[in-house]
Amino acid sequence: MSKEAAFPRSSRAGNSRGLLWLAAALWLLPSEALAQKNSPDIPVVSTVTAIQNARIVPSPGQVIESGTVVFRDGVITAVGRRVDIPYDAHVIDGGDSLSVYAGFIDALSHVGIPEPRNQGQPESVPDRSNPPFERAGITPEASARTALDPEDDAVEAMRHAGFTTALVAPRGRMLPGQATLALLAGTNASEMILQGAEPMFFQFEGAQGVYPGTPMGVMSKFRQLYREADRRRKLEAMYAEDPSGLSKPPFDPVHEAFFPVIAGNRSVAIWADDVLEIHRAMTLQEELGFSMMLFGLEGGFDTLSNVAASGVPVALTLDLPDKPRWAAKVEADSLQRILDAYDDETRTATFRDVEAEQRNLESRQLWSRARYVGMAAAYHDAGVPFAFASMGVDAKDIHANLREMIGEGLSSDAALAALTTNAASMLGLSDRMGAIRTGMMANLVVTHGSLFNEDTKITMTFVNGHMFEAPASTGRTGSNSPSDR
Amino acid sequence: MKYTFSTTLLALLVVVSLGQAAFAQDVLIRNATVLTVTNGTLEDTDVLITDGVIADIGTDLRAPRGVDVIDATGKFVMPGIIDAHAHIALSSINEGSSPVTAEVSMEDVVNPYHLGIYRASAGGVTVSHTMHGSANVIGGQNETIKHRWGATDPDAIRFEGAPRTIKFALGENPTRVHGRRASGGSGAIVPATRMGVEQVLRSAFENGKRYMEAWDAYNAEAATNPRAVPPIWNERLEVMADILRGEILVHCHSYRADEIVMLTRVLKDYGMDKITFQHANEAFKVAPELAAYGAHASVFADWWSYKFEVYYSTAYNAAILTRNGVITSVNSDSGELNRHLYHEAAKSQRYGGLTDDEALALITINPAIQLGIQDQVGSIEIGKDGDVAIFEGHPLSIYTIPVLTYVDGVKVFDRENDPDDVRVDVDPTAEVGMYEGQITGKDHIHSHEEVVDMLHFFQSVADTHIH
Amino acid sequence: MKRFMTFVLAVGFLIQPFEVQAQEQDEKARQGTYAITNARIETVANGTIERGTVVIEGDRIIAVGENVAIPDGARVIDGSGLHVYPGMIDSGTNLGLTEIGSVAETNDTNEIGDITPHMEALTAVNPNAVAIPVTRVSGVTTVVAEPTGGLLPGTAAVINLFGYTAEQMSAGSKMVIVQFPQEPSGNRPRWQQSGPDRRQERYKDALAKLDEVFDRAELYDRIMTAYAADPSGKEQPVYAPEMDALRPVLSGDVALMVKVDAADDILKAIDWVQKRELPNVVFSGVNEGWRVADKLAEAGIPTLVGPVLATPTRSSDRYDRAYANAGLMAEAGVKVAIRSGESENVRNLPFNAGFAATYGLGKEAALRAVTLAPAEMFGIADDYGSIEVGKKANLFVSDGDPFETSTNILALFIDGFNVPIESRHIELYEEFLNRDEGRLKPVEILPADN
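Just so we're clear, the structure is a prediction, and the values are computed from it rather than from any experiment.

Visitor: How should the overall build of chain B be read in this particular structure?
Guide: The secondary structure content of chain B amounts to twelve helices and 17 strands. Looking at chain B residue by residue over its 467 residues, the buried ones come to 60%. Intrachain contacts of chain B at a sequence separation of at least 6 include 70% that bridge at least 24 residues.

Visitor: Looking at this structure, I do not really get the overall build of chain C. What am I missing?
Guide: When you go through chain C residue by residue, the secondary structure sums to 14 helices and 16 strands. For 450 residues, the compact-globule formula gives about 22 Å, and the C-alpha radius of gyration of chain C, at 24 Å, lands near that figure. For chain C, the spread of C-alpha atoms along the principal axes amounts to about 70 × 70 × 45 Å. The 450 residues of chain C split such that 50% are buried. Looking at chain C alone, contacts between residues at least 24 apart form 69% of all its contacts between residues at least 6 apart.

Visitor: When you look at the interface of chain C and chain B in this model, what are you seeing that I'm missing?
Guide: Interfaces are often sized by the accessible area lost when the parts come together. Tallying the contact residues gives 54 residues for chain C and 60 residues for chain B. For the side of chain C that touches chain B, the secondary structure elements donating two or more residues are α11 (349–361) and α14 (424–432) of chain C. A breakdown of the residues in the side of chain C that touches chain B according to their chemical character gives 22 nonpolar, 21 polar and eleven charged.

Visitor: Where do I start with the confidence of the model for chain B in this structure?
Guide: Detail in the predicted coordinates should be disregarded across regions flagged by low pLDDT. Residue and element names in this part refer to chain B. For chain B, per-residue confidence averages 91 on the pLDDT scale, and 90% of positions sit at 70 or higher. Low pLDDT (under 50) marks residues 1–21, which in the prediction has 25 contacts with non-local residues, meaning those over four places away or in another chain. This model gives residues 459–467 a pLDDT under 50, and the stretch forms 20 contacts once residues within four places in sequence are excluded.

Visitor: Just to check I follow, could you spell out the interface of chain C and chain A for this structure?
Guide: In this complex, chain C contributes nine residues to the contact, which on the side of chain A involves five residues. Partitioned by chemical class, the residues of the side of chain C that touches chain A number five nonpolar, one polar and three charged.

Visitor: Is there a simple way to explain the domain arrangement of chain C in this structure?
Guide: All names here are of chain C. Segmentation of chain C into domains returns domain 1 (2–87 + 416–438) and domain 2 (88–188 + 195–383). Its C-alpha centre places domain 1 at a distance of 33 Å from the equivalent point of domain 2. On the domain 2 side, the residues contacting the 15 residues of domain 1 number 14 residues. Listing elements by their share of the side of domain 1 that touches domain 2, those giving two or more residues are β5 (83–86), β16 (417–419) and α14. Sort the elements by how many residues they give to the side of domain 1 that touches domain 2 and α14 lands first, with three residues. Each residue belonging to the side of domain 1 that touches domain 2 can be placed in one class, and the counts come to nine nonpolar, three polar and three charged.

Visitor: Sorry, what's going on with the environment of E381 of chain B here?
Guide: Residue and element names in this part refer to chain B. One can find E381 in the loop between α11 (365–371) and β15 (388–392). Sequence separation of E381 and D302 is 79 residues, and the distance between their C-alpha atoms is 31 Å. Filtering out sequence-adjacent residues up to four positions away, E381 remains in contact with T36, T38, N39 and I54.

Visitor: So what exactly am I meant to see when it comes to the packing of helix α5 (residues 215–241) of chain A against helix α7 (residues 275–288) of chain A here?
Guide: The relative placement of two packed helices is expressed as an angle between their axes plus a distance between the axes. Residue and element names in this part refer to chain A. Where α5 contacts α7, the axes come no closer than 11 Å and their chain directions differ by 20°. Taken together, the axes of α5 and α7 are roughly parallel relative to one another. For the pair α5 and α7, the sense of crossing is right-handed. On α7, the residues that touch P215, M219, F222, R223 and Y226 of α5 are R280, L284 and L288. Among the residues making up the contact of α5 with α7, the classes are represented as six nonpolar, no polar and two charged.

Visitor: Before we go on, may I ask you to explain the packing of helix α4 (residues 194–222) of chain B against helix α5 (residues 235–244) of chain B in this structure?
Guide: All names here are of chain B. Where α4 meets α5, the closest approach of the two axes is 8 Å, and the angle between their N-to-C directions is 90°. As summarised for this structure, α4 and α5 are arranged roughly perpendicular, according to the angle between their axes. Where α4 abuts α5, its residues A204, F205, N207, G208, K209, Y211 and M212 lie against L237, M240, A241, I243 and L244. By residue class, the composition of the contact of α4 with α5 is nine nonpolar, two polar and one charged.

Visitor: Before we go on, may I ask you to explain the pairing of strand β9 (residues 143–146) of chain B in this structure?
Guide: Each regular strand carries side chains that alternate between the two faces of the sheet. Residues and elements named next belong to chain B. The side-chain alternation of β9 yields two buried faces, one formed by E143 and I145 and the other by T144 and K146. Note that strand β7 (residues 125–130) and β9 share four bridges and pair antiparallel. Residue pairing across strands places V127 opposite K146, the latter belonging to β9.

Visitor: What exactly am I supposed to notice about the sheet that holds strand β11 (residues 268–272) of chain A here?
Guide: Where strands meet in a sheet, backbone hydrogen bonds hold them as pairs that are either parallel or antiparallel. All names here are of chain A. Taken together, the six strands give an open sheet; going across it, the order is β7-β10-β11-β12-β13-β14, and neighbouring strands pair in mixed fashion. The open sheet has two edge strands, β7 (177–178) and β14 (386–389), and neither has a second partner. Here β7 runs beside strand β10 (residues 200–203); their pairing, made up of two bridges, is antiparallel. Across the sheet, residue Q178 finds its bridge partner in β10, namely M200.

Visitor: How should I be thinking about the nonpolar core in this particular structure?
Guide: Note on soluble globular proteins: their nonpolar side chains tend to be buried together. Ranked by internal contacts, the top residues of the largest apolar core, which has 394 residues, are A107, F295 and A315 of chain A together with V77 of chain B. The element that contributes the greatest number of residues to this core is α11 of chain C, accounting for eight residues. Beyond its immediate chain neighbours, meaning those up to four positions away, A315 of chain A contacts A107, L108, F295, F386, A387, F388, A389, A423 and M426 of chain A.

Visitor: Is there a simple way to think about the environment of I338 of chain A in this case?
Guide: Residue and element names in this part refer to chain A. Within the element layout of this structure, I338 appears in helix α10 (residues 332–340). With 20 C-beta atoms counted inside 10 Å, the residue I338 sits in the buried group. Excluding its chain neighbours within four sequence positions, the residues that come into contact with I338 are R359, E362, S363 and L366.

Visitor: Sorry if this is basic, but what is going on with the environment of A375 of chain C here?
Guide: All names here are of chain C. You can see A375 is positioned in helix α13 (residues 372–377). C-alpha of A375 to C-alpha of R439: the two residues are 64 residues apart in sequence and 51 Å apart in space. With residues up to four places along the chain from it excluded, the contact list for A375 reads I89, I380, A381, Y384 and G385.

Visitor: Please clarify how α5 of chain A should be interpreted in this entry.
Guide: Residues separated by three or four positions in an α-helix point in the same direction, a consequence of the helix having 3.6 residues per turn. Its 27 residues place the ends of α5 of chain A 39 Å apart at the C-alpha level, agreeing with the 39 Å of an ideal helix rising 1.5 Å per residue. Against β10, α6 (253–263) and α7 of chain A together with β8 (138–141) and α5 of chain B lie the buried residues of α5 of chain A.

Visitor: Sorry if this is basic, but what is going on with the sheet that holds β9 of chain B here?
Guide: Residues and elements named next belong to chain B. Sheet architecture is open: three strands sit in the order β6-β7-β9, paired in mixed fashion. Each of the sheet's edge strands pairs with one partner strand only, and the pair in question is β6 (81–86) and β9. In this sheet, adjacent strand axes meet at a mean angle of 20° when their direction is disregarded. Note that β6 and β7 share four bridges and pair parallel. The residue of β7 that forms the bridge with I82 is V127.

Calculation criteria
- Residues numbered from 1 in each chain as written.
- Chains lettered and ligands numbered in written order.
- Predicted model: local features only at pLDDT ≥ 70, side-chain atom pairs only at ≥ 80, totals over all residues.
- Helix = DSSP H or I, 4+ residues; strand = E, 2+ residues; numbered from the N terminus.
- Buried ≥ 20, exposed ≤ 12 C-beta atoms within 10 Å, placed from the backbone.
- Contact = placed C-beta atoms within 7 Å.
- Rg over C-alpha atoms; globule rule 2.2 N^0.38 Å.
- Nonpolar A, V, L, I, M, F, W, Y, C, P; charged D, E, K, R; others polar.
- pLDDT = per-residue confidence, 0-100.
- Domains from an automatic or database assignment.
- Axes fitted to C-alpha atoms, helices over the stretch in contact; angles between N-to-C directions.
- Parallel < 35°, antiparallel > 145°, perpendicular 65-115°, else oblique.
- Left-handed = near helix turned anticlockwise from the far one by under 90°.
- Pairing = 2+ DSSP bridges.
- Core = buried A, V, L, I, M, F, W, Y, C linked by C-beta atoms within 7 Å.
- Expected span 1.5 Å × (residues − 1).

Written out as structure tokens, the structure reads:
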């Protein structure tokens, strides 16, 4: 917010332009105090913001050098090189050192749903072979919407990482409920909710101590629910049309929750933790025919061709395997040499060969890790569009991981697309967000420096037009002094 | 920092991502002593495998151009070994939360990356019947797999066309897991005794029968009445119905003679004649009954005394059963024993004097019959799958060394040329050069996967005899 | 089995009592004077005698050779076409200490407490364990019975597999066991992920505890020695049976068996025993011994290796590593004996040895590894481990190489007793091979209605 605009004057817009430029110059001073969220007792004086003299990336591959974006009441009203800035705008001058991107979209996580405290031992039931649905982790009728909490630490952390929107899945075991689209800001849960897709969330997590506990149990239970729901759906339709002579069809909310899925009106969002779970998800989908979205796919390089051929929308995990402990102590160029030194002719015949064996195993491990890191690039090279999902990842690791993926061959544009346009497309949000265009929601990320550079910092995130500044002490890896602005 | 792949690593990558088509090849094995099992021993004989199938057996066979020729002079060729009781290549083994879980299937949790596949093929095994565990009276469906090491798609190691099978279990395991302690998420449930086991079986079969009848009735009615109401869908009873229809072969973990006979009584009541008793340590006591029923047995070479129900057993079990006309196989039920099943089978020569062909049949044609795959594997005959194992030294000698193993004509084990480290997926984070422990010849826990299953349901891992 | 029956009848033709005994259920093991003639004798100590005679009197071998006088009244066993071997020794088992693995009441291997070296396996061995006859009919006559559990689980006993009391079974040797702490490696298993990772801490504590135990043992030894030399005017030493058990280890009178497997742990264990100057040490298990074979050879520590029939210790290892382990160690100059690690299937010792032979150890060294080598390591080579005049008559007669599964064991001697080839397994075979031959009318299988 410019100091000028804080004290309204009656002078005409034209005269105040010069003053606006002065105010903009003054704006280069640190201005935490002016962040709206931090001081709710200070009255809001403008609902329109303009960011000027910034490098704007409306969508991957497009750049507007020294551009301006204007947004009012959470909607982008103008984007371009030469844009009229409304007289009442809070102007942020990029000083040609800021970049603006569309706010990132987290294709799947639990952000906004705090972890439950004091889990303790799960309760005992009379018969573990036939437990109540809830005890078995089967609550597909539940919704993440009722569990959202804008005060969840993850919300702020993800915002600081540049995320403005997420598909939030409820926590639980195999069928915790329906996921919801959500903005990563709000004074209460309702403000977070975005209307749109509410896929049924499914993961291969068995119940503890009761049926079904194992992955094969989970798969059978899913089939059972689906097929019985299909029967009931047809029965209910028949009964609704003409009940005469028919017993009342059985009803429970669990089976009921499958009806829209069976009708093709709702997708199933499946989290696949590893390559075998990808196969299991695809098996179920092929058998039952529901519309599927696949998330995670860690280590899924071996199934790339299957996934590509299936056309299933995918979001890859932002997680990367930790570097092995031994590699943490080794210089980067030595790591490259170790990798290149792999020799598949090595045989460990006796005690004399154990040193060479160790080196070779280290080599092989680096090569294996490289496959994980290069997976996103591989998907891109294979022409498979993907988004990114942060489930299970710490927000502060996300950008370091992205940089590693880019180092291993993923282009910056492809990475940005995964975070923005592809995610919007996958989640049915393309008409509202994922790009910086007139008419779209004002979800923006402002960085100091080009997004994926090592020392770049995210300085601000806008969610539905509301500004959130990165705190000086946290933020990104690299230097953090405010004077760097 | 960019990791550029070396060409050898790239080659490895290519190899492990080969599709189905690559899993049928050609090879000519020359001048070996061929142990056909069903047609005697042929000296100085060639075996030609074309497109994964045994195309010819004879002398001076000509190799088509480009086909690998293996000089097996002085070596022995036998049919690929078939392990009728394994738990390898699975992500999970026991859905131990219910005494009846017919609906679950090992097909859903096949893990082609499991090192056990290679290690068994290094002992001549080409086919494994990888099974649900023995926690439940009626467990899940099993999966017959081929040891196609290097395949990364679980579907690619399935033995296409192999009949469906299901795991039953009697005796101490299901009664302990369900009935004799409060465990997991609830107190004890039936069965706690062998009486309960029978009733669980009868109840499952009866419910399956009524379910089948209800659906048959519905299908008949639906032909003319569009408002016919189908019965409740039940995945579990669907499988019970398939068992009753004879579409699924029952393989029953059992030990005591009396419970073995009990099951034959129940099966007889429901009109089912195909049964293989697994382990069946006391089967020798009722060998005449089994022979009369046409029941089969798949037994250990010499495991006994680790539980009370195997205290009164004998290593002569396989020999007694064979002599009494029961089709018998020797299995491993172990990630260690399955690497030397040729040696396990050879023990039947010390314990009961079986002949060479009888001993070899225990791990080839007999398990093939028990798994319903005898038309494709189990012996070296023209038209059968090119699943063979080549040994230096007779396979039944303690001094033998398996050197080459082929599955559908594809070499899956090569003692001389395989690298030491044959892992297809390498953990990117684990410590390198780490001591991991061993499975030994007496270990009755199959794998970490099984321990995880047990921890899911039971408070402690102390009771490790899920076997 | 058929060969055994033929053999018995052939022998019975010569000596009446044998023929009768073959029919009876209660055959007795008898000592006396025996001569095994015309047999191929594997002496182990002095090579092979292609065609010779062994004479046994009482509990000892009194003659071995090509031309040996047969004493009057000796029971002659015609060994034509047959072989004689020293009774095999299994260097690590739980035999006799446990009857049924899953029935806790039958298990006497693991006493409460971390420091229990004074718990004597010999006390708890059940001379009537069903597995004992089952084992000895395979030619294994002697085993090490080991307690388990804790840092110092107890004192293992070397026992012969015939006798009615512990004293009768004892082969005159025992070893105190140390379960050398295993360094935790890698991540915790998935099922132990809760709570902070205390494994490294516990490991360091265990090493420190081990040192503390031996430091105190040394002090105790000094106190006891001084008191014994001249008790006058001295306070009576404290009662510490654990320390009493360790005194002979310090002096070397009793061997210390260090159980250790991982390569790094073996190196630490070598340093530890050398630092403490323990004079009489063997390592047991040693399943990664091949990785540090040069260090083991250099240290001159004998090893009890096995089980051989086991999977490799690392997923990156070659598949046959456990089979090849003993051979690789022997190649580097390490003394090896072979152990099965079994409780009820110790009879598989010869097969463990056979695999070790095949995968690098060689037949001769493998045979030695289950006979003379362990006898030497246990300090009982004067009495056991080979077929030599003056040694105890622990030997067996077979129709071939006992490592081969096709071989049958036809006669067995332990401490000179001619032990019958009988066991529960054989009895069940005899009863059930033709179960119904005693029945007049065939049994009706599965009555029509139930």
